[in-house]
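Tertiary structure, described
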Amino acid sequence: SSNITSSETWAAADNPHIVTTSIHVYNSATLTIEPGCLVKFDAATALYIGYYSAATLIAEGTSSKPITFTSHATTPAPGDWEGIVFFNSTDDASTVMKYCTVEYGGYTSYDSNINCNQASPTIQHCIIRNSDGHGIYTTGSGALPLISCSTITNNVNGVYAYNNSNPTLTDCRI
């Protein structure tokens, strides 16, 4: 695992992808994750999008080949890893998660599987479950994510909107 400063693609043929240290995506890089990818995170690690400068995450699975972001622990538990954190330099118009499962995040202060800090990714047809805190946490007036057709279960809170954030939820089960 290392920071991503130029665009790259993670292929399903290389499964599983093991994240051993937190990864920052920045410098106008795009991280594309192919349908069917399995991404496992070691304890206390995270995927950070757009913290230092512009970045994009394209994680577009399909109904038959979803993408999974999960714990690398032998017996996964809520809070094993930090989660996916989108910051204000995320390219909102291009950042999308479709047919993804995100589970067992919520470690430390991010306290969620997906955290939108002044960021507005599109989240569609996803399963967000088993967080130590929030399934999805949004904060700041720039956090206007579109969350649709998703199932958000077994978290302390399904979607937690804070500090003038305003997520749009459509056809979700929480």
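What comes next concerns the included structure. All figures in this text were calculated on a predicted structure; none of them were measured in a lab. (Residues numbered from 1 in each chain as written. Predicted model: local features only at pLDDT ≥ 70, side-chain atom pairs only at ≥ 80, totals over all residues. Heavy atoms only, no water.)

1. Notes on the overall build of the chain
Counting its secondary structure elements, the chain contains zero helices and 19 strands. With respect to the principal axes defined by its C-alpha atoms, the chain has extents near 40 × 35 × 30 Å. Of all 174 residues assigned to the chain, the portion counted as buried reaches 48%. The long-range share in the chain, meaning contacts at least 24 apart out of those at least 6 apart in sequence, stands at 61%. (Helix = DSSP H or I, 4+ residues; strand = E, 2+ residues; numbered from the N terminus. Buried < 20%, exposed > 50% of the residue type's maximum accessible area, 1.4 Å probe, protein only. Contact = heavy atoms within 4.5 Å.)

2. Observations concerning unusual backbone geometry
The residue after asparagine 15, namely proline 16, is reached through a cis peptide bond having omega -10°. For proline 16, the location among the structural elements is in the loop between β1 (8-10) and β2 (17-19). Unusually for a residue other than glycine, asparagine 27 sits at a positive phi of about 65°. The residue asparagine 27 is located in the loop between β3 (23-25) and β4 (29-33) in this model. A relative accessible area of 48% means that asparagine 27 is categorised as partly exposed. Despite not being glycine, aspartate 171 has its phi angle at roughly 55°, a positive value. Here aspartate 171 shows up in the segment after β19 (168-170). The class of aspartate 171 is exposed, set by a relative accessible area of 63%.

3. Brief notes about the state of the cysteines
Enumeration over the complete set of coordinates arrives at zero disulfides. Summary of cysteine pairing: cysteine 100 is not part of a disulfide, and the nearest cysteine sulfur, belonging to cysteine 126, is at 4.5 Å. Owing to a relative accessible area of 1%, cysteine 100 belongs among the buried residues under this scheme. (Disulfide = S-S within 2.5 Å.)

4. With respect to the packing of aromatic side chains
The full count for this structure, using the stated rule, is ten aromatic pairs. Seen from their ring centres, tyrosine 137 and tyrosine 160 are 5.7 Å apart, and the 5° between their planes marks the pair as stacked. With a gap of 23 residues between them, tyrosine 137 in strand β15 (residues 134-139) and tyrosine 160 in strand β18 (residues 157-162) connect regions that are remote in the sequence. Relative accessible area serves as the criterion here: at 16%, tyrosine 137 is assigned to the buried category. You can call tyrosine 160 partly exposed: its relative accessible area is 34%. (Phe/Tyr/Trp six-rings, centres within 6.5 Å; stacked < 30°, edge-to-face > 60°.)

5. Brief notes about the sheet that holds strand β11 (residues 100-103)
Strand order in this open sheet of six strands is β2-β5-β8-β11-β14-β17, and the pairing throughout is parallel. Strand pairing shows two members of the sheet lacking a second neighbour, β2 and β17 (151-153), which therefore form its edges. Ignoring which end each strand starts from, the neighbouring axes of this sheet average 10° apart. The sheet contact formed by strand β14 (residues 127-129) and β17 spans three bridges and is parallel. Of the residues in β17, the one forming a bridge with isoleucine 128 is isoleucine 152. (Pairing = 2+ DSSP bridges. Axes fitted to C-alpha atoms, helices over the stretch in contact; angles between N-to-C directions.)

6. With respect to the nonpolar core
Counting 34 residues, the largest nonpolar core has Leu47, Leu57, Phe69 and Met97 as the members making the most contacts within it. Ignoring anything within four residues of it in the chain, the contact list for phenylalanine 69 reads Ile33, Val39, Phe41, Leu47, Ala59, Trp81, Ile84, Met97, Cys100, Thr101, Val102 and Glu103. (Core = buried A, V, L, I, M, F, W, Y, C linked by side-chain atoms within 4.5 Å.)

So, to be careful, I would describe these as geometric facts and stop short of saying anything about function.
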